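Structural description and commentary
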Amino acid sequence: MADSSAATQSPSVSSSSSGAEPSAPSGGGSPGACPALGAKSCGSSCVDSFVSSSSSQPVSLFSTSQVRDLIFWRDVKKTGFVFGTTLIMLLSLAAFSVISVVSYLILALLSVTISFRVYKSVIQAVQKSEEGHPFKAYLDVDITLSSEAFHNYMNAAMVHVNRALKLIIRLFLVEDLVDSLKLAVFMWLMTYVGAVFNGITLLILAELLVFSVPIVYEKYKTQIDHYVGIVRDQTKSVIEKIQAKLPGIAKKKAE
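On a predicted model such as this, the values are computed, not experimentally measured, just so you know.

**With respect to the environment of Val 102**
Looking at where Val 102 falls in the secondary structure, it is placed in helix α5 (residues 98-127). On a C-alpha basis, the gap between Val 102 and Met 89 in space is 9.6 Å, while along the polypeptide they are 13 residues apart.

Pasting the structure below:
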């Protein structure tokens, strides 16, 4: 009788002991584990939580490396497209008014999209197909800007605005006499530049310099650095002579 009762009780004991074994690691696992979901579900949920947490951070539209590759002509097709498009835009603004240029651009874009829309509709009617709207994929793209991302971009812009305001106050209230004199000389030279060129012409020249000077400097870096060093030394010596003759600057350096 004792053996039979022990035999009848042994399955329940073994099943209870075997059921207790897997429950032990679930309670003693790491805090980041997901025992209820399993290993596969836990991995996907952890990835989703990481993506959702990282998506709230601001993402810059253009990184420094992308701008560097653009002006150094790393990708000739991409740089050529950007350079040609902006140059044509600036030349158009130099020849026509801003309203005319913007109107012509919008008309050109609308003519392309409307013509393509009508063409696809005719093709679908002839072939009796149901492909739908040709720009459906682009219409479904979510381009809304969240309030959090907007505030992040505004905060980043405010850093530069505040820095510029501090610099303007520092220059106009003559915190450093030499820096204010540099600004005055630069503005005096710009009066002669403004008498010859207008704003659009300066922008065109600036674009030509941006897309030509870096690649030229990259090829002739040694020679350019040599002559720039000579000019820098001469300029530094002239500034030191001017500072020595100014009583306020000389006294400040002596202290």
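After that view, the rundown keeps rolling.
**Looking at the side chain of Ser 180**
Here Ser 180 lies in helix α8 (residues 177-196). Exposure remark for Ser 180: the relative accessible area of 13% places this residue in the buried category. In terms of polar contacts, Ser 180 uses its side chain to reach the backbone carbonyl oxygen of Leu 171, at 2.7 Å. Leave out the neighbours within four places in its chain, and Ser 180 touches Arg 170, Leu 171 and Val 174.

**Here we look at the packing of helix α7 (residues 147-172) against α8**
Helix-helix packing is described using two parameters, namely the angle between the two axes and the distance between the axes. Relative orientation of the contacting elements α7 and α8 amounts to 95°, with a least axis distance of 8 Å. In this view, α7 runs roughly perpendicular relative to α8, as classed from their interaxial angle. Residues Arg 170, Leu 171 and Phe 172 of α7 pack against Asp 179, Ser 180 and Leu 183 of α8. Residues that form the contact of α7 with α8 fall into these classes: 3 nonpolar, 1 polar and 2 charged.

**A few points about the UniProt feature "transmembrane region" (unreviewed entry) in the protein**
Sequence positions flagged by UniProt for "transmembrane region" (unreviewed entry) are, in local numbering, residues 81-110 and 195-217. In this annotation, residues 195-217 is assigned 83% helix and 0% strand; the end-to-end C-alpha distance for the span is 30 Å.

**What about the packing of helix α4 (residues 76-95) against helix α9 (residues 199-210)?**
Orientation of α4 relative to α9, taken along the N-to-C sense of each, is 165°, at an axis distance of 9 Å. One element, α4, and the other, α9, form an angle in the roughly antiparallel class. Judged by the sense of rotation from one axis to the other, the crossing of α4 with α9 is left-handed. Here Val 82, Phe 83, Thr 86, Leu 87, Leu 90, Leu 91, Leu 93 and Ala 94 of α4 lie close against α9, whose contacting residues are Ile 200, Leu 203, Ile 204, Glu 207 and Leu 208.

**Description of the nonpolar core**
With 6 residues, the main nonpolar core is built from Leu 70, Phe 83, Leu 87, Leu 90, Ile 204 and Phe 211. If sequence neighbours within four positions are ignored, Leu 87 has contacts with Ile 204 and Glu 207.

**As for a nonpolar patch on the surface**
Taken together, Val 98, Val 102, Ile 106, Leu 110, Ile 114, Val 118, Val 122 and Val 126 make up a surface patch of nonpolar side chains, about 720 Å² in accessible area. By the secondary structure assignment, Val 118 is in helix α5.

**Considerations on the environment of Arg 74**
Within the secondary structure, Arg 74 sits in the loop between α3 (64-71) and α4. Among the residues examined, Arg 74 registers a relative accessible area of 43% and is labelled partly exposed. Sequence spacing of Arg 74 and Ile 215 is 141 residues, and the spatial spacing of their C-alpha atoms is 9.9 Å. With sequence-adjacent residues up to four places away left out, Arg 74 is seen in contact with Asp 69, Thr 79 and Glu 218.

**Considerations on the pattern of salt bridges**
Tallied over the full model, the rule gives 5 salt bridges. Close ionic contact of Asp 140 with Lys 136 constitutes a salt bridge, the shortest N to O distance being 3.7 Å. Residue classification places Asp 140 among the exposed positions, given a relative accessible area of 53%. With relative accessibility at 47%, the residue Lys 136 sits in the partly exposed group. Notably, a salt bridge pairs Lys 221 with Asp 225, separated by 3.1 Å at the nearest N-O pair.

Each value, and the rule that gives it
- Along every chain, residues carry numbers that run from 1 in the direction the sequence is written.
- Local features in this predicted model are restricted to residues of pLDDT 70 or higher, and side-chain atom pairs are both shown and tallied only at a pLDDT of 80 or more, whereas totals for entire chains, interfaces and linings draw on every residue.
- Note that water and hydrogens are dropped before the side-chain values are worked out from all heavy atoms of the structure.
- A helix here means a DSSP run of H or I that spans at least four residues, while a strand means a run of E at least two residues long, and both kinds are numbered starting from the N terminus.
- Burial status follows relative accessibility: with a 1.4 Å probe on protein chains alone, a residue under 20% of its type maximum counts as buried, one over 50% as exposed, and anything between as partly exposed.
- Any pair of nitrogen or oxygen atoms within 3.5 Å is treated as a polar contact; in protein, a donor-acceptor pairing is required on top of that, and neighbouring residues in sequence qualify only through side-chain atoms on both sides.
- Contact between two residues is taken to exist if any of their heavy atoms lie within 4.5 Å; hydrogens are not considered.
- For helices, the axis comes from a line fit to the C-alpha atoms of the stretch in contact; other axes are also lines fit to C-alpha atoms, and the angle between any two N-to-C directions lies between 0 and 180 degrees.
- We call two directions roughly parallel when the angle between them is under 35 degrees, roughly antiparallel when it is over 145, roughly perpendicular when it lies between 65 and 115, and oblique otherwise.
- Under the scheme applied here, ten amino acids are nonpolar (Ala, Val, Leu, Ile, Met, Phe, Trp, Tyr, Cys and Pro), four are charged (Asp, Glu, Lys and Arg), and all others, including Gly, are polar.
- UniProt positions are given in the numbering used here, feature names are shortened, and annotations may be inferred rather than shown by experiment.
- Left-handed is the label given to a crossing in which the near helix is rotated counterclockwise from the far helix by less than a right angle, and right-handed is the label when the rotation is clockwise.
- As used in this record, nonpolar core signifies buried Ala, Val, Leu, Ile, Met, Phe, Trp, Tyr and Cys residues forming a set joined through side-chain atoms within 4.5 Å.
- Exposure above 30% relative accessible area and the lack of any salt bridge qualify a residue for a patch; like charges then connect within 9 Å, and the nonpolar side chains Val, Leu, Ile, Met, Phe, Trp and Tyr within 5 Å.
- Method for areas: the Shrake-Rupley scheme with a 1.4 Å probe, in which residue coverage is limited to the protein chains shown.
- Only one rule defines a salt bridge in this text: a Lys or Arg side-chain nitrogen within 4 Å of an Asp or Glu carboxyl oxygen.

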